[in-house]
Amino acid sequence: MAINLQQAIDIGKYWVTQGLLGRKHFPLVLILESLFRCNLDYTGCRRIQYTTETLKRNLTPKQCFAAVEECGTPVISIPGGELLLHPQIDEIVKGLVERKKYVYLCTNGLLLGKGLHKFQTSLYLSFSVNCIKSIENPTAKLWLSFLRNYNIVGVTHWQKNSSRGIKQHQHW
């Protein structure tokens, strides 16, 4: 998966700076789980094991910004549950983009149609969409054509194969 030139330069600067500071070990990507809720319910999902109280909790934007500042990484990956269920995800993303962090929003894509308008196009914002159904599904094909108009880093879908279990496919 390719990244834009500015991101490569910024990450390179970060890497060199860490080396000049004598740090042998340092974070490169912060995985920021702002909530546990998901809009899917499927066998094997560890999220269905959480209590209702846990599933209702969200990190606040202030908590997210504090974690990002403490970690200091240039890249933030925000998975879910389903991150688009977070009532303040747009505020969180806006704050991270203002801090010039490269934000990757990981979603199953089911809520993108209702939530995409909340986000401003930015060099610092990308979506990573995971499709559970076959890419041959007409809905999945429609999403692929729609997502190409945005800064989508890739679409991964999973297809069940009766003889080999589950197979992963990566698109661009």
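Above this text you will find the structure in question.
On a predicted model such as this, the values are computed, not experimentally measured, just so you know.

1. Focus: the pattern of salt bridges
This model, assessed by the stated rule, comprises one salt bridge. One salt bridge connects Glu 69 with Arg 99, and the closest N-O pair in it is separated by 3.2 Å. Of the two residues, Glu 69 sits in helix α3 (residues 61–71) while Arg 99 sits in the loop between α4 (89–98) and β3 (102–107), which places them 30 residues apart along the sequence.

2. Structural notes on the side chain of Ser 122
Looking at the secondary structure, you find Ser 122 in the loop between α5 (112–115) and β4 (125–131). Of note is the side chain of Ser 122, whose polar atom sits 2.9 Å from the backbone nitrogen of Tyr 124.

3. With respect to the environment of Cys 71
Secondary-structure assignment places Cys 71 in helix α3. According to the relative accessible area criterion, Cys 71 is partly exposed, its value standing at 24%. Between the C-alpha atom of Cys 71 and that of Pro 27, which follows or precedes it by 44 residues, the distance is 7.1 Å. Ignoring any residue separated from it by four or fewer positions in sequence, one finds Cys 71 in contact with Pro 27 and Leu 30.

4. Some details on α3
Pro 61, Cys 64, Phe 65 and Val 68 are the residues of α3 that are buried. Buried residues in α3, looked at end-on, bunch into an arc of 95°, giving them a common side. Facing away from the buried side of α3 by more than 90 degrees, the exposed set consists of Lys 62 and Glu 70. In the core, the buried residues of α3 are packed alongside β1 (29–31), β2 (75–78) and α4. Residue Gly 72 follows α3 closely and has a positive phi angle near 80°.

5. Side note on the pairing of β3
Within β3, five of the six residues are buried, leaving the element largely enclosed by the surrounding structure. Direction of pairing for β2 relative to β3: parallel, over a ladder of four bridges. Its bridge partner being in β3, Ser 77 is matched across the sheet by Tyr 104.

About the cut-offs
Residues numbered from 1 in each chain as written. Predicted model: local features only at pLDDT ≥ 70, side-chain atom pairs only at ≥ 80, totals over all residues. Heavy atoms only, no water. Salt bridge = Lys/Arg side-chain N within 4 Å of Asp/Glu carboxyl O. Helix = DSSP H or I, 4+ residues; strand = E, 2+ residues; numbered from the N terminus. Polar contact = N/O pair within 3.5 Å; in protein donor to acceptor, adjacent residues only side chain to side chain. Buried < 20%, exposed > 50% of the residue type's maximum accessible area, 1.4 Å probe, protein only. Contact = heavy atoms within 4.5 Å. Arc of directions from axis to C-beta. Pairing = 2+ DSSP bridges.

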